[in-house]
Amino acid sequence: MPAADPVADPALRSATEPLLPDLGLEAFLASGFDLRSQLAAFLAIQPEELEARLPRSTDALAALHPGGFSPERASAFYEDTVGDGHLLELAAWHLGSADYIADTLRLQQRFARGQVLDFGGGIGTHALAAAALPAVDRVCVVDLNPRNRAFVQWRAERLGLADRLLCCRDLEDSRLPPQFDTIVCLDVLEHLPDPAGQLDRFAARMSPEAIALLNWYFFRGFDGEYPFHFDDPALVEAFFRRLQGRFLEVFHPYLITTRAYRVLPAA
């Protein structure tokens with residue numbers, strides 16, 4: 001009798017597949033995937049110091065910003081200036097807005113599959129959650145900040161996901177696949193000097209059935225609390241014209257700002 005084919009036999013296939021960690025909604029809501037202890041260990045600080053720094057992290061990051069910098073300086077700010085301050089600010093946001101972020105994770109669970117791009121991956125919440133999904137083959141995290149990349153890779157190793165996650169500086173990295181089946185870009189587009197151009201770059205890397213999960217907030221705040229957001233009206237209009245011209249929105253049932261899109265076929 002010939003040996004059973006593990007590809008055709010679901011029971012054998014599941015036995016040969018790696019055991020993935022439980023990074024579902026309950027695990028996120030409970031601890032942000034153990035974010036506090038991981039961040040304190042990564043930064044080599046005591047938990048008490050971390051708790052003291054988290055509430056001040058947004059103001060501390062804003063204080064690093066030169067105010068009204070030119071678009072040409074945006075990349076350098078995120079790559080060279082923010083350092084660990086961005087880790088702390090993002091951690092505070094994820095811990096303080098857990099219910100909202102949980103809905104974005106639900107949305108990701110709904111659509112993520114195959115080769116996933118997490119563009120501007122930050123502290124890795126969505127990348128790690130996606131890497132733990134059986135329908136996902138690999139997650140590629142692109143982030144300018146080398147400390148963000150180091151932390152995400154560090155977290156992935158401790159969660160047993162290092163083989164399913166790749167961290168890169170930009171989309172030009174030769175290790176990245178030519179196309180992605182899912183793109184996740186959350187809380188990033190408002191930081192880019194050319195968000196419309198970024199939509200073009202996404203479209204060029206999306207497989208025929210790919211879904212992009214996007215949100216944006218082109219607003220500096222009522223009291224200037226987000227000086228690192230671009231809000232020029234011409235930039236915003238160009239973004240929406242490109243979005244409406246190249247993508248079709250895909251309905252989802254969650255009452256959140258994040259939207260799902262697929263690329264419109266060429267005319």
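As a reminder, the structure under discussion sits directly above these lines.
In this report, we go over the structure that sits alongside the text. Values in this document were obtained by computation on a predicted structure and should not be read as measured data. (Residues numbered from 1 in each chain as written. Predicted model: local features only at pLDDT ≥ 70, side-chain atom pairs only at ≥ 80, totals over all residues. Heavy atoms only, no water.)

Topic: the overall build of the chain
Of regular secondary structure, the chain possesses twelve helices and seven strands. Split into buried and exposed, the 267 residues of the chain put 48% on the buried side. Only carbon and sulfur atoms are counted for the fraction: they give 54% of the accessible area of the chain, which is about 13300 Å². (Helix = DSSP H or I, 4+ residues; strand = E, 2+ residues; numbered from the N terminus. Buried < 20%, exposed > 50% of the residue type's maximum accessible area, 1.4 Å probe, protein only. Areas by Shrake-Rupley, 256 points an atom, 1.4 Å probe, with all protein chains shown as cover.)

With respect to unusual backbone geometry
Backbone geometry places D34, a non-glycine residue, at a positive phi of 65 degrees. Within the secondary structure layout, D34 lies in the loop between helix 2 (25-31) and helix 3 (35-43). Its relative accessible area of 39% is what places D34 among the partly exposed residues. Even without being a glycine, D187 presents a positive backbone phi close to 60 degrees. Assignment of secondary structure puts D187 in the loop between strand 4 (180-185) and helix 11 (195-204).

Structural notes on the pattern of salt bridges
Under the criterion given, the structure shown has 13 salt bridges. Note that E237 and R241 form a salt bridge whose closest N and O atoms lie 2.9 Å from each other. One end of the pair, E237, and the other, R241, are both in helix 12 (residues 233-246), four residues apart, so they sit about a helical turn from each other. Judged by its relative accessible area of 44%, E237 is partly exposed. Residues joined in a network through salt bridges with shared partners are D200, R242 and R246. (Salt bridge = Lys/Arg side-chain N within 4 Å of Asp/Glu carboxyl O.)

With respect to the packing of aromatic side chains
Throughout the structure, instances matching the rule amount to 14 aromatic pairs. Relative to W154, the ring of F42 lies with its centre 5.7 Å away and its plane at 65 degrees, an arrangement referred to as edge-to-face. Here F42 is found in helix 3, whereas its partner W154 is found in helix 10 (residues 146-158), with 112 residues between them in sequence. Residue F42 shares its accessibility class with W154, and that shared class is buried. (Phe/Tyr/Trp six-rings, centres within 6.5 Å; stacked < 30°, edge-to-face > 60°.)

Re the packing of helix 3 against helix 10
Interhelical geometry of helix 3 versus helix 10 gives an angle of 120 degrees and a closest axis separation of 11 Å. The orientation of helix 3 with respect to helix 10, classified from their angle, is oblique. Handedness of the crossing formed by helix 3 with helix 10: right-handed. Contact residues: L35, Q38, L39, A41, F42 and L43 in helix 3; R147, A150, F151, W154 and R155 in helix 10. Class assignment of the residues belonging to the contact of helix 3 with helix 10 gives a composition of eight nonpolar, one polar and two charged. (Axes fitted to C-alpha atoms, helices over the stretch in contact; angles between N-to-C directions. Parallel < 35°, antiparallel > 145°, perpendicular 65-115°, else oblique. Left-handed = near helix turned anticlockwise from the far one by under 90°. Contact = heavy atoms within 4.5 Å. Nonpolar A, V, L, I, M, F, W, Y, C, P; charged D, E, K, R; others polar.)

A look at the environment of N215
Inspection of the secondary structure puts N215 in the loop between strand 5 (206-214) and helix 12. The class of N215 is buried, set by a relative accessible area of 2%. In contact with N215, other than residues within four places in its own chain, are Y100, C185, L186, D187, L189, E190, T257 and T258. Polar contacts involving the side chain of N215 include one to the side chain of Y100, which spans 3.5 Å. (Polar contact = N/O pair within 3.5 Å; in protein donor to acceptor, adjacent residues only side chain to side chain.)

Side note on helix 11
Because each turn of an α-helix spans 3.6 residues, side chains separated by three or four positions end up pointing in the same direction. With seven of its ten residues buried, helix 11 lies for the most part within the structure. Among all positions of helix 11, only P195, A196, G197, Q198, L199, F202 and A203 are buried. Contacts from the buried residues of helix 11 go to strand 1 (114-119), strand 4, strand 5, helix 12, strand 6 (247-250) and strand 7 (259-263).

Some words on the state of the cysteines
Taken as a whole and assessed by the stated rule, the structure comprises zero disulfides. Here C140 is not cross-linked by a disulfide; its sulfur's nearest cysteine counterpart is in C168, at 6.1 Å. (Disulfide = S-S within 2.5 Å.)

Re the nonpolar core
Core analysis: the largest hydrophobic core is formed by 34 residues, its most contacted members being V139 and L165. Ranked by residues supplied to this core, first place goes to helix 8 (residues 98-111) with six residues. One finds F119, L189, F239 and F247 within the second-largest nonpolar core, a separate group that totals 29 residues. (Core = buried A, V, L, I, M, F, W, Y, C linked by side-chain atoms within 4.5 Å.)

Some thoughts on the sheet that holds strand 3 (residues 165-168)
The strand order 3-2-1-4-5-7-6 describes an open sheet built from seven strands, whose pairing is mixed. Every other strand in the sheet has two partners, leaving strand 3 and strand 6 as the edge strands with one partner each. Sheet twist, expressed as the average angle between the axes of neighbouring strands with direction ignored, equals 25 degrees. Here strand 4 runs beside strand 5; their pairing, made up of five bridges, is parallel. Bridge pairing links F180 to M206 in strand 5. Strands strand 2 (136-142) and strand 3 of the sheet are contacted by helix 10, whose axis makes an angle of about 170 degrees with strand 3. Contacting strand 1, strand 4, strand 5, strand 6 and strand 7, helix 11 runs over the sheet at an angle of about 140 degrees to strand 5. (Pairing = 2+ DSSP bridges.)

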